[in-house]
Structure formats: C-alpha cells, structure tokens
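# Structure assessment
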Amino acid sequence: MTQGARPVTTPAGARRAALLTPGAGLYSARVAWRHSLRFRLALTYSALSAALLMLITLGVVSLLLSRMEQQFVDRLNDRADTLAGAFTNLGGGFGQSATGAGAYTLVVDRDGQVIAASLALREFLNSPYPFGTLSRVPVQGTTVRAVKRKAGDFGTLWVGLPEDDLIAARQSALSALLLALVTAPLILLLTGWWVGRRALAGLENAANLADRLDPAVSLAPLPLPAREDEVQRLLVAINSLLGRIEAQQAREKQLLGQIVHELGAPLTVLKASLSRAEARLGDPEVARAALVADELTFTTQDLMQLARGQLELKLAWHYIPALTLRDRLDRLVPGTTFTGDWGTGILCDPDRLTQALRNLLANGRRHAGADGTVTLDLRETPEQLCFRVRDSGPGLPPELGEQIFEPFVSGAGSSGLGLSVARQIARMHGGDLSGTNHPEGGALFTLTLPGAALGDDGDDLDDADVLDEPPLTPVGGMGT
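Treat the numbers as computed from the prediction; the structure is a model and nothing was measured.

## With respect to the UniProt feature "transmembrane region" (unreviewed entry) in the chain
As recorded in UniProt, the feature "transmembrane region" (unreviewed entry) lies at residues 43-65 and 176-195. Secondary structure across residues 43-65 comprises 100% helix and 0% strand; the distance between its end C-alpha atoms is 32 Å.

## What to know about the packing of aromatic side chains
Under the definition given, this model contains six aromatic pairs. Plain terms: the ring middles of W342 and F387 are 6.2 Å apart, the flat faces sit at 55° to each other, and that makes the pair tilted. Of this pair, W342 sits in the loop between strand 7 (336-340) and strand 8 (345-348) while F387 is found in strand 10 (residues 384-391), placing the two residues 45 residues apart along the sequence. Residue W342 shares its accessibility class with F387, and that shared class is buried. One aromatic cluster is present, formed by F124, Y129, F131 and W158 through successive ring pairs. The ring of F405 has R423 sitting right over it, with the charged end atom 3.8 Å from the ring centre.

## Looking at the pattern of salt bridges
With the rule as written, the count across this model stands at ten salt bridges. Linking E69 and R145 is a salt bridge whose minimum nitrogen-to-oxygen distance equals 2.6 Å. Of this pair, E69 sits in helix 2 (residues 37-86) while R145 sits in strand 4 (residues 142-150), and the two are 76 residues apart along the sequence. On the accessibility criterion, E69 (24% relative accessible area) is partly exposed. Across the salt bridge formed by R427 and D432, the nearest N and O atoms sit 3.0 Å from each other. For R427, a relative accessible area of 46% corresponds to the partly exposed category. Owing to a relative accessible area of 31%, D432 belongs among the partly exposed residues under this scheme. Where salt bridges share partners, they join E69, R136, R145, E163 and R170 into one cluster.

## Section: unusual backbone geometry
Of note in this structure, N126 is not a glycine but carries a positive phi near 60°. Exposure remark for N126: the relative accessible area of 61% places this residue in the exposed category. Not every positive phi belongs to a glycine, and Q140 is a case in point at roughly 50°.

## Structural notes on the packing of helix 8 (residues 322-332) against helix 9 (residues 350-368)
Put simply, helix 8 and helix 9 touch, their axes get as near as 10 Å, and they point 45° apart. By the criterion of interaxial angle, the relationship of helix 8 to helix 9 is oblique. Between helix 8 and helix 9 the crossing geometry is right-handed. Contact residues: helix 8 offers L325, R328, L329 and L332, while helix 9 offers P350, D351, L353, T354, L357, R358 and L361.

## Notes on the sheet that holds strand 4
Within the open sheet, the five strands sit side by side as 2-1-5-4-3. Their pairing is antiparallel. The open sheet has two edge strands, strand 2 (114-117) and strand 3 (136-139), and neither has a second partner. Strand after strand, the sheet turns through a mean of 30° between neighbouring axes, direction not considered. As defined by bridge partners, strand 1 (residues 104-108) adjoins strand 2 across three bridges and the pair is classed as antiparallel. Each bridged residue has a counterpart across the sheet, and for V107 the counterpart in strand 2 is A116.

## Considering helix 10 (residues 418-428)
Looking at helix 10, one finds that the buried residues are L419, S420, V421, A422, R423, I425 and A426. Just past helix 10, the residue G430 takes up positive phi, approximately 90°.

## Considerations on a nonpolar patch on the surface
Where nonpolar side chains cluster on the molecular surface, the patch consists of L52, I56 and V60 and spans about 280 Å² of accessible area. Structurally, I56 is set in helix 2. Classification of I56 as partly exposed rests on a relative accessible area of 47%.

## A word on the packing of helix 5 (residues 201-211) against helix 6 (residues 230-281)
One can describe the packing of helix 5 onto helix 6 by two numbers: an axis separation of 9 Å at closest approach and a directional angle of 15°. By the criterion of interaxial angle, the relationship of helix 5 to helix 6 is roughly parallel. The handedness of the crossing between helix 5 and helix 6 is right-handed. Between helix 5 and helix 6, the contacting residues are G202, L203, A206 and A210 on the first element and V231, L234, L235 and I238 on the second. Residues of the contact of helix 5 with helix 6, tallied by class, amount to seven nonpolar, one polar and no charged.

## Thoughts on helix 9
The first and last C-alpha atoms of helix 9 sit 26 Å apart over 19 residues, in line with the 27 Å expected at 1.5 Å per residue. Of all 19 residues that make up helix 9, 17 are buried, and the element is covered over most of its length. The N-terminus of helix 9 is capped by D349, whose side-chain oxygen sits 3.1 Å from the backbone nitrogen of D351. One or two steps after helix 9, the chain reaches G369, where phi turns positive at roughly 85°.

## Let's talk about the nonpolar core
I346, L353, L360, F387, F445 and L447 are the most contacted members of the largest nonpolar core, which totals 38 residues. Top contributing element to this core by residue count: helix 9, with six residues. If sequence neighbours within four positions are ignored, L353 has contacts with L325, I346, C348, F387, I425, H429, L447 and L449. If you look at the next biggest cluster of nonpolar residues, it comprises 19 residues, including F72, V107, A116 and A173.

## Comments concerning the side chain of R145
Here R145 falls in the buried class, since its relative accessible area comes to 9%. Separated by 2.6 Å, the side chains of R145 and E69 make a polar contact. If we skip the residues at most four places from it in the chain, R145 touches E69, F72, V73, L76, S135, R136, V159, G160, L161, E163 and L166.

Cut-offs applied
Residues numbered from 1 in each chain as written. Predicted model: local features only at pLDDT ≥ 70, side-chain atom pairs only at ≥ 80, totals over all residues. Heavy atoms only, no water. UniProt positions renumbered as here; feature names shortened; annotations may be inferred. Helix = DSSP H or I, 4+ residues; strand = E, 2+ residues; numbered from the N terminus. Phe/Tyr/Trp six-rings, centres within 6.5 Å; stacked < 30°, edge-to-face > 60°. Buried < 20%, exposed > 50% of the residue type's maximum accessible area, 1.4 Å probe, protein only. Lys NZ or Arg CZ within 6 Å of the ring centre and 35° of its normal. Salt bridge = Lys/Arg side-chain N within 4 Å of Asp/Glu carboxyl O. Axes fitted to C-alpha atoms, helices over the stretch in contact; angles between N-to-C directions. Parallel < 35°, antiparallel > 145°, perpendicular 65-115°, else oblique. Left-handed = near helix turned anticlockwise from the far one by under 90°. Contact = heavy atoms within 4.5 Å. Pairing = 2+ DSSP bridges. Patch = residues over 30% accessible without salt bridge, like charges linked within 9 Å, V, L, I, M, F, W, Y side chains within 5 Å. Areas by Shrake-Rupley, 256 points an atom, 1.4 Å probe, with all protein chains shown as cover. Nonpolar A, V, L, I, M, F, W, Y, C, P; charged D, E, K, R; others polar. Expected span 1.5 Å × (residues − 1). Polar contact = N/O pair within 3.5 Å; in protein donor to acceptor, adjacent residues only side chain to side chain. Core = buried A, V, L, I, M, F, W, Y, C linked by side-chain atoms within 4.5 Å.

This is the structure we're talking about:
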C-alpha cells in the first residue's frame, strides 16, 4: 500500500547496496555448468583443436597413403622393368626370370596366346590372354595390380603384384583416422575443462570473495594474488570501486547524522513543551500531538538505520492489555474501526508494536481516503496473535509482490519506510507481516505474533514487565 500508480523509485544508495548484497555476486556455485566461462572456454578450445587436429590428421593420412601408393607402383614398375630386361639378355636366364622370379607373370605372344606363366597362373598357359585391358584382376582370391612391358621379339610381358597389404594398410589408416576424430574431441574437452579450471581458479576465488562482500558490515579490500595477470587487475579495479563506495557511504552517513541531529533537537524541545502543556491543560489534542512527536522520533531513527542497511532495534519486553494498545492506536489514527478480541494480553515491546500497527493503519488511511474505512481486527489462538488491517482503498498492485516491503520503495509520496519497518518489527518479535488484496476489495495486511502462554501467577514472564499502560519513550537516543 506504500505503492501508487507511479513508478517505483529506489535511491542510489539502496541500488548500490543491492549490487553488493551477499548472494547477488558475479559468480555463484549454483550457476549451471553450461553457463560457466570455464565450460565455454573448454568447448571453444576443444572445437578449434578438434578441427585443427582433423585437418592435420587428414593431411598426414593422405600423405601417408599417397606415399604407400607410390612405393607400390614403383615396386611394380621395377619388377616389370627387371623382367622385361631379361628378354633382351637371353643369357641372363630368361626362363627362370619369366616363370619363377615373379609370383604373377605372364608372357603373351603376338597372337594373344600365353606362352609362359608363373606357378600361380599356370592355369592360363597355352590359352588366350584372359585379362584384356584390366589393370586390377582377382587371382585366387587376391586382388592383383598389373602392368605390361614389351618383351623383345616374344610379345608382351604381363607383371602383377598383390594389393592385399596396401589395402590393409589403407584400411588401418582410415580406421585410425576415424577413431581419432571420435575420441580426440572428448579428450580435448576434458583436457580443456581441467586446464580452464586451473587457469580460472584465481578468477573464481576473486568472484567468491566479491560475492561475500556486505557493505553493511565491511568494505575491506580484497586480497591480491601474487601473479600479475588479468585476475589481479580485476581485483585492483574492484578494490578501487570499494574505496569509492566506502567514501560515498561515509559522506552519506555524515549527512544522515547531521539530518538526525537537526531533527532531534527541535523534536526534543517540542516533546518537552507538549508534555508540560498536557500536564497544565489536560487537552486531548495536546496529548495526541505529544504521541505524534514520539512517533516522529521513531521514524527519524529508523530512517537513519535503514539507510545504512542496519536495522538494529532493541526490544523492551512488556506484557500489556490489548485494550491499552487499542486506545493508543485510536488516538494516533482516528477513525479506525476495531474488531475482534481485545480483552487479551500481549507480550511485546509496546512502543515498537504500536509503531508497526500505526504504520499499517496510517498507510491504510492514506489510501482509503477521508471517506474510506480502515479496520483493525485482532484474533487470538493458543499459538499466535493475529492483527489484520484492512482498508477500502484500491488495493495492492499485483505486479509489485514483495517489493512493497522493501525500504525506500515508494510511489505514493511517503518515505517508503512504513511497511519495511513494520515487517522488521514483526519479525523481531518472532512473527511476520504479509500483504495481499482482500477478495471484497482493498488491501489486507496480516501481522502475527507468537502467543504468550502465561500462567496465573505470571511465572512465565521471565524478564518481561506487566504494565497497564505502554511506555511512550522511544528506544535509543537521538544523538546530538
């Protein structure tokens, strides 16, 4: 209900504090692995390395196969030339060379008849030449590559070599290439992940340190690593930023202290004057003004503490009648309708609980308008006390959600502290404060407190005092 139709405004100091709130840092262990810089670096490194490896391996394998092919062809030609030379030197053992030196040789005369053959090709002897123009032929389950040479006056010499070893070597090379293409990217990815983890360990540690910074506690500079690298330069920049933030916070705190001092002095004089006027005149309007001065004191203190990010309220526990609390609220926020069970007792800090409920009622009155209604209902169970504040205003903007309880968030012309302080006070009492829209219209805030299980003799009160009237002294001094 501190929100209106206008956009939410957040002071720069609150934005800076939000940026450095623990759990909202640069890096978190909860970040998905696929979103981590380490994984992206490893993936990029692996992809580039795999592509480069494929190109290099493909080139090496192609060169290797080309060399093997060339060696095979050279060997085949050498053998053919050696055997063909025997036909020009009949004294060099032509018969032995043509029929025994090569595993696959044929001599074909000018009429196309095989007149000589090696042992493996004896079946073609004295038969027409069987292979025609083929350079590769199957012989006894073996692929043979062949060449032809002029055999002097005898005809044509056919010489072949088996390709089984060459084919096996080619298949082995291609299998190794395929295996490398399958396993290398995975190995590179794992290696890249490990290398990235080692290389980015300093950056991760720096991010974790920065993530734990709490400007409300300390802005001590982050320790610098010994190695002068990008991580060290990043930490130097962060430390420089922390120094500027700390200087700005010091100036803001000094300004706030001066503001509180300037407000505290006239408030103290005003409260003293109103107290004397009330004692002398007994005017209820003067008494109401005195109570308002008290509440202004609370608001001034909370403004300073919330702006610093430190809500350090101290509770003074008392056991008071609920009717006493109702009377005080009725004087502070006139026109409030009270329903429910107000005959019970409440264990609380009366000043702080009055402040929280006053904030809720004043908030409701501001939005309901002069002609609207504001209702405060009290219900008691053995476990808790439940205060329900409902107004007839336009209700809570549904898009804001929990933002209505953030400090300094306001769109209705107020300071934006009321609901934040009220929730803080409720939680300090062990309860809570929530807000929603009532089904019949208007906003509905529910403030709960733990129930006070008190015996008849009051032995369970511990350090709490039983008061018929709540104290009206604000907690903490204003400072001078």
